[in-house]
Structures are given as C-alpha cells and as structure tokens.
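Structure at a glance
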Amino acid sequence: MASTVIGAGITIDGEITTDEDVVVEGTIRGKLTAKESITIEAGAVVEADVVSGPLTVAGSLTGNITSSDRVDLQGGAKVIGNVKATRITIADGAQFKGNVDMDV
Amino acid sequence: MANDVAVLGRSTHVRGRITGAASVEIAGRVDGEVDITGDVVIETTGLIGANVSGRRVVVRGAVKGDLTGTESITLEDGAKVVGDVRAPRIAISQGALLRGFVQTAGGGNAPRAKAHSTSAARPAIPAARTSAAQLDQKRSHAEKPAAKSAPAKIAAKPATKAHKAPPPPVVHALKKGAKATRRVGVLAGGKH
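Residues numbered from 1 in each chain as written. Chains lettered and ligands numbered in written order. Predicted model: local features only at pLDDT ≥ 70, side-chain atom pairs only at ≥ 80, totals over all residues.

Observations concerning the environment of Val40 of chain B
All names here are of chain B. Looking at the element boundaries, Val40 is found in strand β6 (residues 40-42). Residue Val40 is classed as buried on the basis of its C-beta count, with 29 C-beta atoms lying within 10 Å. Val40 sits 18 residues away from Ala22 along the chain, and the two C-alpha atoms are 9.0 Å apart. Setting aside its immediate chain neighbours within four residues, Val40 contacts Val24, Val34, Val52, Gly54 and Val57. (Helix = DSSP H or I, 4+ residues; strand = E, 2+ residues; numbered from the N terminus. Buried ≥ 20, exposed ≤ 12 C-beta atoms within 10 Å, placed from the backbone. Contact = placed C-beta atoms within 7 Å.)

A few points about the confidence of the model for chain B
All names here are of chain B. For chain B, the mean per-residue pLDDT works out to 72, and 53% of the residues sit at or above 70. pLDDT under 50 marks residues 142-157. Its contacts with residues more than four places away, or in other chains, come to zero contacts. Reported confidences for the modelled complex are a pTM of 0.66 and an ipTM of 0.86. (pLDDT = per-residue confidence, 0-100.)

Re the nonpolar core
Residues Val24 and Val46 of chain A together with Ala6 and Val24 of chain B are the most contacted members of the largest nonpolar core, which totals 58 residues. Discounting residues that sit within four places of it in the chain, Val24 of chain B has contacts with Ile10 of chain A together with Ala6, Ile18, Val34, Ile36, Gly38 and Val40 of chain B. (Core = buried A, V, L, I, M, F, W, Y, C linked by C-beta atoms within 7 Å.)

What about the interface of chain B and chain A?
Counting from both sides, the interface comprises 22 residues of chain B and, opposite them, 21 residues of chain A. Mapped onto the side of chain B that touches chain A, the elements with two or more residues apiece are β1 (5-8) and β2 (13-20) of chain B. Sort the elements by how many residues they give to the side of chain B that touches chain A and β2 of chain B lands first, with eight residues. When grouped by side-chain class, the residues that make up the side of chain B that touches chain A number 10 nonpolar, nine polar and three charged. As defined by bridge partners, strand β2 (residues 10-18) of chain A adjoins β2 of chain B across eight bridges and the pair is classed as antiparallel. By the bridge assignment, Gly14 of chain A is partnered in β2 of chain B with Gly16 of chain B. (Nonpolar A, V, L, I, M, F, W, Y, C, P; charged D, E, K, R; others polar. Pairing = 2+ DSSP bridges.)

Digging into the pairing of strand β10 (residues 70-73) of chain A
Residues and elements named next belong to chain A. Side chains of β10 alternate between two faces, with Val71 and Leu73 buried and Arg70 and Asp72 left unburied. Here three bridges tie strand β7 (residues 55-57) to β10, and the two strands are oriented parallel to one another. Looking at β10, one finds that Val57 is bridged to Leu73. Pairing analysis gives four bridges linking β10 to strand β13 (residues 87-90), with the strands arranged parallel. By the bridge assignment for β13, Val71 is matched with Ile88.

Structural data, given as structure tokens:
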C-alpha cells in the first residue's frame with residue numbers, strides 16, 4: 001500500500017518530493033518527484049512535472065513525465081506533455097498529446 | 001483507506017500549500033501552509049514549518065507555526081509546537097511541548113499584534129531572569145571580590161610597607177637606597 005496518498009479533495013500547490021510510493025486522487029500543481037511508483041487515479045488532476053519510477057496514469061496529467069521505469073496511460077487518462085521513459089503503454093481510450101522519448 | 005484521506009508518508013517532503021476538504025495525515029515534512037477543512041493529524045515523524053488549520057487538529061510531531069482548529073486541537077505526547085494555538089477546545093497532553101499563545105473557545109479574535117507582543121515579550125522574561133541572575137552573580141562577585149580585593153589591596157599595601165618597614169634596619173634596603181641615592185647623586189652630579 002502506498003504510504004503517501006493525496007486524497008480526493010486535497011490540493012497541493014508546490015513541490016512534492018518523496019522516496020515512497022505515491023497515489024494521487026486529488027489535485028497537485030507544481031512538481032512531483034518520487035523514487036518509487038506514482039499512480040494518478042481517475043479523477044485526479046496533476047498539473048506538474050512528474051519524475052518517478054513506474055508511473056500509472058488514469059486521471060488528468062499536464063506536464064512532462066520522466067520515469068526511470070515504465071509509464072502506463074490507462075483508458076480514460078488524459079495526458080498532455082512529453083514522456084521520457086524506458087517503456088510506455090497507451091491503453092485504448094487514453095488521450096495523449098506530446099512527445100515520447102524511450103532512450104534505449 | 002477512504003478516498004477523502006490524504007496521507008503524506010514519512011519520507012515525503014512538500015514545499016507548498018496543502019488545501020482541501022479532506023482529512024490529512026502528515027508523517028513527512030511540509031514547508032508550507034496546511035489549510036484543510038477536514039481533520040489534520042501530524043504524526044510523530046511529521047514536521048511542519050508553517051501555519052496549520054483544520055477542523056480537528058491532532059499533533060504528535062513538530063510544528064513551527066500557528067495552529068487553528070475550528071473544532072479542537074490536541075497536542076499529544078511528543079508534540080513540539082512553536083506558535084499560537086487557537087481552537088474552541090484545546091487539549092495539551094503530558095509530554096507535549098508548546099511555546100506560544102493559547103486561546104480556547106469564546107473570547108473573540110485575539111489581535112495578532114497582542115499575540116506577537118506577548119511572544120515578543122516572552123523571551124524578555126528569561127532574559128530578565130538571566131540578567132537578574134547575572135546581576136545577582138555580578139553583585140555577589142562584585143561585593144565579594146570588592147570586599148576581598150579592597151581590603152587585600154589595603155592589607156597588601158600596608159603589608160608591603162610593613163615588609164619594607166622592617167627591612168630598613170636590615171642592610172639590604174639601606175644598600176638599595178644608598179646605591180640609588182649615590183647613583184642619583186652621581187648622575188645628578190654628572191648632569192650638573
């Protein structure tokens with residue numbers, strides 16, 4: 001279980017840095033940096049640059065993504081920004097606008 | 001875990017504002033205002049460097065900033081709070097550390113200026129105590145050495161005099177005096 005959860009109804013304006021898994025259900029504006037996985041749940045709104053391990057997006061994300069692992073854009077996700085990751089999946093139904101950079 | 005709960009883990013560092021209607025558990029570090037209409041729990045590892053407001057605020061960690069609870073504030077064992085605390089109901093447990101202005105229910109808005117003046121005046125109290133203590137020490141030091149040194153000097157001078165006084169019969173003093181007078185006399189004679 002993730003040890004950091006930004007629940008629905010919570011808004012954070014600023015920078016978040018953590019070594020733990022993060023689950024976002026609320027709103028984040030600024031920057032989000034995690035060493036472990038980040039999950040952006042459906043209904044969540046993230047307007048931030050994201051630096052993470054594995055990233056799963058089901059909500060709305062505006063900002064550049066840098067992942068040391070894989071990025072999964074699930075159905076219903078809405079992502080605007082460039083993605084830099086080793087692997088990426090874009091599920092059917094996901095909206096995405098941006099560059100993909102998979103440095104091999 | 002309910003959807004309307006936010007948890008900031010112990011390694012999580014937030015630089016910025018946290019707002020919203022949900023409840024928040026903070027075990028990490030927050031450098032920024034926490035303005036929540038739900039409950040706020042600051043765990044033992046939590047560290048907050050700004051004002052915190054919520055409905056029910058429970059503190060087990062450290063807060064440097066004002067706490068405002070629309071319902072209650074509880075400072076539990078291990079809490080360290082430097083700042084003003086305002087809520088209709090406030091509980092401060094044994095082991096909680098608090099430095100600041102406290103206001104419970106009723107009594108309208110405490111003017112910030114007053115709180116600041118009190119907080120500004122607060123350091124003056126220990127300072128006054130220390131200065132008073134120092135003054136006391138100084139007094140005692142001043143009195144004692146004065147009492148000792150002054151008589152010592154007085155005693156020393158007569159003692160030296162007394163020491164010098166007895167020598168006259170001894171040849172040394174006479175010799176010194178005699179040499180000096182002779183030299184002086186010689187020099188004087190030379191000069192002249």
